Amino acid sequence: MLITQRNWTLAIWIQFFIEIVIFIVIYYYFIYLKYQKQKVLFYRTLLYVYIIGILFVTLLPLDFQYAQFNHFTVHNFTFPFRDVIYHYGGAITNVILNTFMFIPFGFLVPLSFQYSFIKTMLIGLMTIIGIESLQMIFSLFCIGFRTFDITDIITNFIGLCLGYLIYYIDKKRQCFVK
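As the structure is a prediction and not an experimental result, all values here were calculated from the model.

What counts, and at which threshold
- Residues numbered from 1 in each chain as written.
- Predicted model: local features only at pLDDT ≥ 70, side-chain atom pairs only at ≥ 80, totals over all residues.
- Heavy atoms only, no water.
- Helix = DSSP H or I, 4+ residues; strand = E, 2+ residues; numbered from the N terminus.
- Buried < 20%, exposed > 50% of the residue type's maximum accessible area, 1.4 Å probe, protein only.
- Contact = heavy atoms within 4.5 Å.
- Phe/Tyr/Trp six-rings, centres within 6.5 Å; stacked < 30°, edge-to-face > 60°.

This part is about unusual backbone geometry. Unlike most non-glycine residues, Gln114 shows phi in positive territory, near 60 degrees. In this structure, Gln114 sits in the loop between helix H5 (103-113) and helix H6 (117-140). For Gln114, a relative accessible area of 58% gives the class exposed.

The next point concerns the environment of Phe23. If you trace the backbone, Phe23 turns up in helix H1 (residues 5-35). A relative accessible area of 23% means that Phe23 is categorised as partly exposed. Residues Phe23 and Val49, spaced 26 residues apart in sequence, show a C-alpha to C-alpha distance of 9.2 Å. Residues contacting Phe23, with those up to four places away along its chain left out, are Tyr48 and Ile52.

Another aspect to go through is the packing of aromatic side chains. Counted by the stated rule, this structure contains five aromatic pairs. Seen from their ring centres, Tyr50 and Phe105 are 6.3 Å apart, and the 50 degrees between their planes marks the pair as tilted. Note that Tyr50 is positioned in helix H2 (residues 40-59) and Phe105 in helix H5, a separation of 55 residues in sequence. With a relative accessible area of 3%, Phe105 lands in the buried category. With a centroid separation of 5.3 Å and 20 degrees between ring planes, the pair formed by Phe113 and Tyr115 is classed as stacked. According to the relative accessible area criterion, Phe113 is partly exposed, its value standing at 31%. Grouped by ring-pair contacts, the aromatic residues Tyr50, Phe102 and Phe105 constitute a single cluster.

Structure below.
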């Protein structure tokens, strides 16, 4: 069967719809029912929607029909800021977007769970490394279009720290106002 652009687009939308339904069911049973009457529900809902967005942006779409296990041409970048140093197109934009992408994580996690700086940083770093590792695994099996890049880990972590700084400043401001 010949796969046309129209069939491919439909397949992506069907996959997206199935994933959204799964995420809604998980949210309902593990977050909404448990924290329905508490203020923390709002923050955890924002965090949940944010994490879905991050996973969607960083890991999808997966191309299972393209999977070819006989060639492993993987581009993984372990030299920090290589693109910026060599002036590759879009490198500065990529650094800025990767930094901003994890700012919400830095303030939503402590708002949702009252975690300390260290615990927030550890959870954030594990999340960042997990996403980058999944990108590498997907690219190894040719089912993803992403690559492992150490610059992404560094810039995401900077964004995480900036997000926690926003949380910390707001927390101190609230103490000062009261």
